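Breakdown of the fold
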Amino acid sequence: MAANFHSQTNQSLGNLRSFRKDALSLIGETTFGKFRITTYSDDIIRICISNTGPIEDFSYAVVAEPKPIELTIEEMGDHIILRTARLQLHISRNPVRFKFLTLQGATLNEDETFGTSWIGEQVTTYKKLQPGERFIGLGEKTGPLDRKGAAYQNWNTDAYSYTAGTDPLYCSTPFYIGIHNQLIYGIYFDNSHKGYFNFGASNNRFASFSADAGDMNYYFMTAPTIREIIKQYTHITGRMELPPRWSIGYQQCRYSYYPDKEVLTLAKTFREKDIPSDAIVFDIHYMDKYKIFTWDPKHFPDPKNLIKQLRDQGFHVVIMCDPGIKVEPGYDAYDDGVKKNVFIKYPDGENYQGQVWPGWCHFPDFTNPATRLWWASKFQDYVNFGVEGFWNDMNEIATWGNALPENLEFDFEGEKATTRKGRNLYGFQMARSTYEGTKKLLNGKRPFNLTRSGFSGVQRYSAVWTGDNVSYDEHMLLGVRLVNSMGLTGIAFAGYDTGGFVGETNKNLFARWMSIAALSPFFRAHTMINTRDSEPWSYGEEVEQICRNYIKFRYQLMPYIYSLFYDAAQTGMPVQRSLAINYTHDWRVYQGAYQNQYLFGPSILVAPVESHKELLKIYFPDGEWFDLYTGKIWHGNQETIVESPIHRLPVFIKAASVITMQAATPHTGISQEELILHIYCGQGSSDFLLYQDDGETFAYQNGKFSKRLIEFKGSENRISLSASEGTYETSYKRIKLMLHGTHAESLTVNGVARPLSHQVHSFFTPLEKYDPIHEPDSMGEEAVLTTQIDYSDDRLDIAW
């Protein structure tokens with residue numbers, strides 16, 4: 001008996017009528033629907049529930065395949081019990097409800113009384129709130145780290161000038177992590193219709209997730225750590241390929257740089273002022289009347305030569321790519337698109353028109369394979385000119401009026417659907433189309449791809465930035481939390497517009513924002529049209545020096561940062577890490593005062609602070625922490641006050657860790673002969689995988705890389721570097737060792753003694769122009785011990 005689709009009363013699954021097992025799944029028939037339980041590993045189980053026709057398996061987000069595992073099924077009274085090697089699932093018969101438990105019988109997650117039910121087409125699963133339960137994740141969502149007591153919508157929206165409470169924003173990732181009683185689980189809800197999440201908002205009974213239509217289709221996973229949960233989630237939805245190394249350098253953008261002479265002047269100024277940068281971003285004014293795949297003949301008469309001149313100075317170009325194709329006979333993209341039938345349509349077959357920058361536009365249907373190929377072909381001229389960076393914008397879809405009709409028809413690989421199912425996927429599929437197309441056209445070189453809108457799985461194709469933010473302190477800290485949260489949902493390459501896009505920043509805010517953003521995955525400054533200049537030198541000499549210091553510090557960290565991106569490509573682990581990942585059960589990391597803090601990689605603790613605050617209350621998690629500037633050691637598990645003058649962002653290094661560094665360079669394309677290992681002594685142990693390749697091709701996927709594990713053993717005062725693995729030959733000739741926090745007089749390298757010398761060290765250049773009354777101190781100095789050894793690809797054991 002099918003449920004009444006038009007009923008506005010609650011309709012649940014009802015009681016179990018029968019069940020059967022096939023090679024991968026358990027299928028159940030109920031009074032009012034059906035369910036299917038499928039295993040993807042011992043700790044990942046998919047639950048699909050439908051009250052209409054066959055259960056749908058198509059997904060743009062999911063790349064993992066079901067996996068047969070050793071699964072025991074036991075009937076016990078009113079329950080069916082499924083057991084894997086990692087968890088058990090209890091299914092009650094009357095009514096049908098699902099309960100996940102550990103093998104020891106502790107409840108991980110369970111249906112509330114309402115289970116899965118429908119109101120009309122809308123389907124909801126209700127989960128019982130567990131004692132002390134916290135919820136984190138959902139990606140690009142405003143609000144606190146702990147989502148408990150809040151509710152959210154997934155409906156990708158052009159959220160211009162959004163506030164600290166705006167919801168929804170541009171990107172939807174319907175994945176969250178539940179934490180309670182020393183247990184951790186994750187739920188990924190794979191349904192692209194307008195979605196809703198309630199974590200005990202306006203009720204004290206349940207958490208829930210729902211969609212306006214479609215199946216209830218979710219993946220349940222559990223693991224001892226959040227790191228492993230993220231690995232499971234990105235096993236399901238995929239992981240990024242390594243981006244080009246230049247894309248993780250500093251990128252300079254504004255709306256817009258033109259004409260070409262202004263662009264060249266900008267590049268020249270970076271080099272003259274000794275401020276590292278790798279990319280200049282072209283906003284929509286490079287186009288002829290805002291039309292994609294064109295160049296303004298007046299302001300950019302010779303783009304190929306311009307791009308060559310920039311490349312000669314070490315700059316790459318990133319171009320804006322909007323999806324709207326202007327309705328204009330004679331415009332090649334329009335004529336060809338109409339001819340090849342690639343646009344989104346109304347139900348009567350007419351091509352949809354929406355108004356945006358060029359005027360009235362058609363929009364490619366990226367759920368159509370033929371459209372994706374057509375879109376890819378249009379990038380040929382860009383690639384021929386030397387463009388290797390692509391910025392997908394306005395792809396929610398953004399149109400004037402911000403009310404995309406819901407009756408528009410999308411191809412969906414021939415299965416046809418409307419805006420209701422396609423809107424949240426549009427930006428994702430545009431980013432996919434751009435990435436797949438430019439990757440093929442670049443013939444082995446890696447494209448850089450950036451998107452504003454996306455859905456779960458977008459990390460496979462693109463970096464994501466947080467859209468049109470605003471120039472004030474609260475937004476600066478909001479951007480940090482957004483990137484932290486996006487990292488929890490698989491988007492490791494994420495960032496924000498440094499300095500703020502909307503409005504005008506002041507000098508202190510710009511300086512502070514730059515110092516924070518230098519320790520973020522995606523590092524780009526950007527600002528609105530008709531605002532003041534917003535380059536590192538635009539706010540006076542003191543701010544220029546502060547910006548130079550932190551940008552150079554990022555470039556010093558490039559071996560460390562690039563290795564973090566490799567980790568992301570292999571495991572899904574974010575580059576910028578919420579403290580909840582490493583200190584999951586420490587209640588203080590969820591407090592409002594400390595929720596902005598994060599780890600940049602495994603060892604660098606960043607404490608963002610407003611631009612007007614010179615003192616900050618911070619929390620040091622478990623362990624010991626070195627002050628980046630002075631070497632002072634702080635003990636963990638304590639709250640304290642630290643100084644935060646505008647030129648010194650509170651940053652700390654975890655004891656018993658090794659930070660891989662190099663000398664700063666004007667851009668990432670300059671090879672280095674010296675690897676610098678900063679060894680922060682302590683009693684703990686750690687390891688770090690140092691990874692290198694050519695930084696620009698996919699040859700690493702065929703073994704052309706160099707990676708070596710660096711292990712720190714504090715109890716033995718020893719580090720070891722494993723022999724290099726892979727066929728890539730690095731440019732290193734020597735290793736400089738910098739020891740922090742020890743009074744050793746010598747060390748041994750593979751048993752051979754070497755003397756240590758004393759050095760006064762700073763990562764930063766002292767400020768030359770600052771207020772000696774209100775800002776009397778410099779960047780800080782630290783006494784360290786140092787020596788230099790020859791680089792070798794063989795194993796190295798270093799003890800002191």
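For the structure itself, consult the block above.
Residues numbered from 1 in each chain as written. Predicted model: local features only at pLDDT ≥ 70, side-chain atom pairs only at ≥ 80, totals over all residues. Heavy atoms only, no water.

A word on the overall build of the protein
For the protein, the helix and strand inventory stands at 12 helices and 52 strands. For a compact globule of 800 residues, the expected C-alpha radius of gyration is about 28 Å, and the protein comes in at 27 Å, within 12% of that figure. Judged by the C-alpha coordinates and their principal axes, the protein covers about 80 × 70 × 50 Å. When each of the 800 residues of the protein is scored for burial, the buried share is 65%. In the protein, the proportion of contacts linking residues at least 24 apart, taken out of those at least 6 apart, comes to 69%. On the protein, roughly 28300 Å² of surface is accessible, and the fraction owed to carbon and sulfur atoms is 48%. In the protein, the 78 positive side-chain charges and the 93 negative ones have mean positions that sit 2 Å from each other. (Helix = DSSP H or I, 4+ residues; strand = E, 2+ residues; numbered from the N terminus. Rg over C-alpha atoms; globule rule 2.2 N^0.38 Å. Buried < 20%, exposed > 50% of the residue type's maximum accessible area, 1.4 Å probe, protein only. Contact = heavy atoms within 4.5 Å. Areas by Shrake-Rupley, 256 points an atom, 1.4 Å probe, with all protein chains shown as cover. Lys, Arg positive; Asp, Glu negative; His and termini not counted. Charge placed at Lys NZ, Arg CZ, Asp CG, Glu CD.)

Let's talk about the sheet that holds strand 33 (residues 522–525)
The parallel closed barrel is built from 8 strands, whose spatial order is 20-21-22-26-29-31-32-33. Mean inter-strand twist for the sheet, computed between neighbouring axes without regard to direction, equals 25 degrees. Pairing between strand 26 (residues 389–392) and strand 29 (residues 448–451): 4 bridges, direction parallel. Considered in strand 29, the bridge of tryptophan 391 is made with leucine 450. (Pairing = 2+ DSSP bridges. Axes fitted to C-alpha atoms, helices over the stretch in contact; angles between N-to-C directions.)

Some details on the sheet that holds strand 49 (residues 752–755)
In spatial order, the strands read 44-45-46-52-48-49; together these 6 strands make up an open sheet with antiparallel pairing. Whereas interior strands pair on both sides, the edge strands pair on one side only; in this sheet they are strand 44 (685–692) and strand 49. With direction set aside, neighbouring strand axes in the sheet form an average angle of 20 degrees. Strand direction decides the pairing type here: strand 48 (residues 746–749) and strand 52 (residues 796–799), joined by 2 bridges, are antiparallel.

Quick word on the environment of phenylalanine 379
Inspection of the secondary structure puts phenylalanine 379 in the loop between helix 5 (369–377) and helix 6 (380–385). For phenylalanine 379, a relative accessible area of 0% puts it in the buried group. For phenylalanine 379 and threonine 434, which are 55 residues apart along the polypeptide, the C-alpha to C-alpha distance reads 8.3 Å. If near-sequence neighbours (up to four positions away) are discounted, phenylalanine 379 is found in contact with Phe293, Cys321, Phe390, Thr434, Thr438 and Leu441.

A look at the pattern of salt bridges
As enumerated under the stated definition, the model contains 46 salt bridges in all. Of the charged contacts, one joins arginine 524 and aspartate 497 as a salt bridge, the two residues approaching to 2.7 Å between their closest N and O atoms. Taken together, the residues arginine 524 in strand 33 and aspartate 497 in strand 32 (residues 494–498) connect sequence positions 27 residues apart. Through salt bridges that share partners, Asp158, Asp393, Glu396, Arg452 and Asp468 make up one connected network. (Salt bridge = Lys/Arg side-chain N within 4 Å of Asp/Glu carboxyl O.)

Details of unusual backbone geometry
Residue proline 168 follows aspartate 167 across a cis peptide bond; omega there is 0 degrees. Even without glycine at this site, asparagine 443 takes up a positive phi of about 50 degrees. Of note, asparagine 443 is situated in the loop between helix 7 (419–441) and strand 29. The exposure class assigned to asparagine 443 is exposed, which follows from its relative accessible area of 69%.

What to know about the pairing of strand 20 (residues 250–253)
Burial of the side chains of strand 20 extends over both faces: Tyr250 and Gln252 are buried on one face and Gln251 and Cys253 on the other. Here 3 bridges tie strand 20 to strand 33, and the two strands are oriented parallel to one another. Of the residues in strand 33, the one forming a bridge with glutamine 251 is arginine 524. Here 3 bridges tie strand 20 to strand 21 (residues 279–282), and the two strands are oriented parallel to one another. Bridging across to strand 21, glutamine 251 finds its partner in alanine 279. Viewed along the sheet, the connection from strand 20 through helix 2 (residues 260–272) into strand 21 turns out right-handed. (Right-handed = clockwise from strand over helix to strand, strands pointing away.)

What to know about the packing of helix 2 against helix 3 (residues 303–312)
For any two helices packed against each other, the geometry is given by the interaxial angle and the distance between the axes. One way to put it is that helix 2 packs onto helix 3 with a least axis distance of 10 Å and a crossing angle of 5 degrees. Relative to helix 3, helix 2 is oriented roughly parallel. Residues Asp260, Val263, Leu264 and Ala267 of helix 2 touch helix 3, and the partners they reach there are Leu306, Gln309 and Leu310. (Parallel < 35°, antiparallel > 145°, perpendicular 65-115°, else oblique.)

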